[in-house]
Amino acid sequence: MAQLSSIEWTDATWNPVTGCTKISPGCKHCYAERMARRLQSMGQPRYRDGFSLTLQPDVIEQPLTWKKPRLVFVNSMSDLFHDDVPLSYLRRVFEVMAAAHWHIFQVLTKRSVRLAEVASGLPWPANVWMGVSVESEEYTYRIDHLSSVPAAVRFLSVEPLLGPIARLSLNNIDWVIVGGESGPYARRIDPGWVRSIRNDCVLAGVPFFFKQWGGTRKSTTGRVLDGRTWDELPQRGIPAAE
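Read on for an overview of the structure. Nothing here was measured: the structure is a model prediction, and the numbers come from that model.

### A closer look at the overall build of the protein chain
The helix and strand inventory of the protein chain stands at six helices and 10 strands. A compact globule built from 242 residues should have a C-alpha radius of gyration of about 18 Å, and the protein chain, at 17 Å, falls within 12% of that. Overall size of the protein chain, expressed as C-alpha extent along the three principal axes, is 45 × 40 × 35 Å. Looking at the protein chain residue by residue over its 242 residues, the buried ones come to 52%. The contacts in the protein chain between residues at least 6 apart in sequence include a share of 71% that link residues at least 24 apart. Here the protein chain has roughly 10900 Å² of accessible surface; of this, 52% comes from carbon and sulfur atoms. Side-chain charges of the protein chain comprise 28 positive and 24 negative groups, with the mean position of each set lying 5 Å from the other.

### Considering the layout of surface pockets
By volume, the largest pocket is sized at about 1300 Å³. What lines the largest pocket is a set of 47 residues, and nearest its centre among them are Ile7, Tyr31, Ala32, Phe73 and Ser76. Among the elements of the structure, strand E1 (2-4), helix H1 (31-41), strand E6 (104-109) and strand E10 (208-212) are those that each provide at least two residues to the lining of the largest pocket. Take the lining of the largest pocket: its biggest share by element is six residues, from H1. Looking at the lining of the largest pocket, its residues break down into 18 nonpolar, 19 polar and 10 charged.

### A few points about the nonpolar core
Core analysis: the biggest nonpolar cluster contains 53 residues, and Trp14, Phe81, Trp124, Leu156, Val176 and Ile197 have the highest contact counts within it. Top contributing element to this core by residue count: helix H2 (residues 87-99), with six residues. If you look at the next biggest cluster of nonpolar residues, it comprises 12 residues, including Phe155, Trp175, Ile177 and Phe209.

### Things to note about the pairing of strand E8 (residues 153-158)
A large share of E8 lies buried, amounting to six of its six residues. Because side chains alternate across E8, one face comprises the buried residues Val153, Phe155 and Ser157, and the other comprises Arg154, Leu156 and Val158, equally buried. With five bridges connecting them, strand E7 (residues 128-133) and E8 associate as parallel partners. Across the sheet, Met130 pairs through a bridge with Arg154, a residue of E8. Pairing geometry for E8 and strand E9 (residues 175-179), over four bridges, is parallel. For Phe155, the partnering residue across the bridge sits in E9 and is Trp175.

### Structural notes on the packing of aromatic side chains
One pass over the structure, following the stated rule, counts 12 aromatic pairs. Ring geometry for Trp9 versus Phe73: centroids 4.8 Å apart, planes at 55 degrees, classification tilted. With Trp9 in the loop between E1 and strand E2 (12-14) and Phe73 in strand E5 (residues 71-74), the pair connects residues that are 64 residues apart, well separated along the chain. The same class applies to Trp9 and to Phe73, which are both buried. Ring geometry for Trp14 versus Phe105: centroids 5.5 Å apart, planes at 55 degrees, classification tilted.

### Thoughts on unusual backbone geometry
In this model, Glu159 is joined to Pro160 through a cis peptide bond whose omega is -5 degrees. Here Pro160 is to be found in the loop between E8 and E9. Of note in this structure, Asn172 is not a glycine but carries a positive phi near 65 degrees. Note that Asn172 resides in the loop between E8 and E9. Of note, the phi angle at Asp226 is positive, near 50 degrees, even though the residue is not glycine. Checked against the element boundaries, Asp226 lands in the segment after helix H6 (218-221). In this structure Asp226 comes out as partly exposed when scored by relative accessible area, which is 42%.

Rules of the game
- Residues numbered from 1 in each chain as written.
- Predicted model: local features only at pLDDT ≥ 70, side-chain atom pairs only at ≥ 80, totals over all residues.
- Heavy atoms only, no water.
- Helix = DSSP H or I, 4+ residues; strand = E, 2+ residues; numbered from the N terminus.
- Rg over C-alpha atoms; globule rule 2.2 N^0.38 Å.
- Buried < 20%, exposed > 50% of the residue type's maximum accessible area, 1.4 Å probe, protein only.
- Contact = heavy atoms within 4.5 Å.
- Areas by Shrake-Rupley, 256 points an atom, 1.4 Å probe, with all protein chains shown as cover.
- Lys, Arg positive; Asp, Glu negative; His and termini not counted.
- Charge placed at Lys NZ, Arg CZ, Asp CG, Glu CD.
- 1 Å grid on protein atoms, 1.4 Å probe; cavity = no way out; pocket = protein on both sides within 12 Å on 5 of 7 lines; lining within 4 Å.
- Points joined across faces, edges and corners; volume = space filled by probe spheres on them.
- Nonpolar A, V, L, I, M, F, W, Y, C, P; charged D, E, K, R; others polar.
- Core = buried A, V, L, I, M, F, W, Y, C linked by side-chain atoms within 4.5 Å.
- Pairing = 2+ DSSP bridges.
- Phe/Tyr/Trp six-rings, centres within 6.5 Å; stacked < 30°, edge-to-face > 60°.

Right, here's the structure in full:
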């Protein structure tokens, strides 16, 4: 339920919840769903119900056993703010993140409405970075919900980027990740869409991370944009290593 990660902007993943349901176009070709089905077919007991939402309480305290500080992507195989995750369980996850203060936890959701509704009832230690997915102009309203959350670092995952975003609102935003869709049914990404967001970030002084061009074979398309890689990270909220 936790492992070192090949995701470019994190070190490890931690999944106290697995499984999800689709709520917007960015979910159409969900990599986590493909992975869950594969693990189910291999007989992995945690995925015996495939991609159905499942709480995994026995791994909640796992980050407390990791002594070396890590960037930890929370729920790479689910959405922590899914409506079917009880608030009491959500609070417990946040309490563990607060206790494991030597790690940085990166939490990402598409369910920004619920995030805004419950945020005041959660602890928000400096080592929790909160983000929302924004795959197109239609879903920029999620940024407004994120802006109301008292997280030390707020970030956007603009992945998979499915269309142009004329002007990305970056008020109260500390980091932006952009990436194209990957996998067998990957939808196209226009370099102009990426450059527009990159330019907004440069003008606003917001760290920009370009994850990938994507495609059916993302290893062949790489992640170079205009002659360089963009691996910028936020500096605020980083706890001192112990």
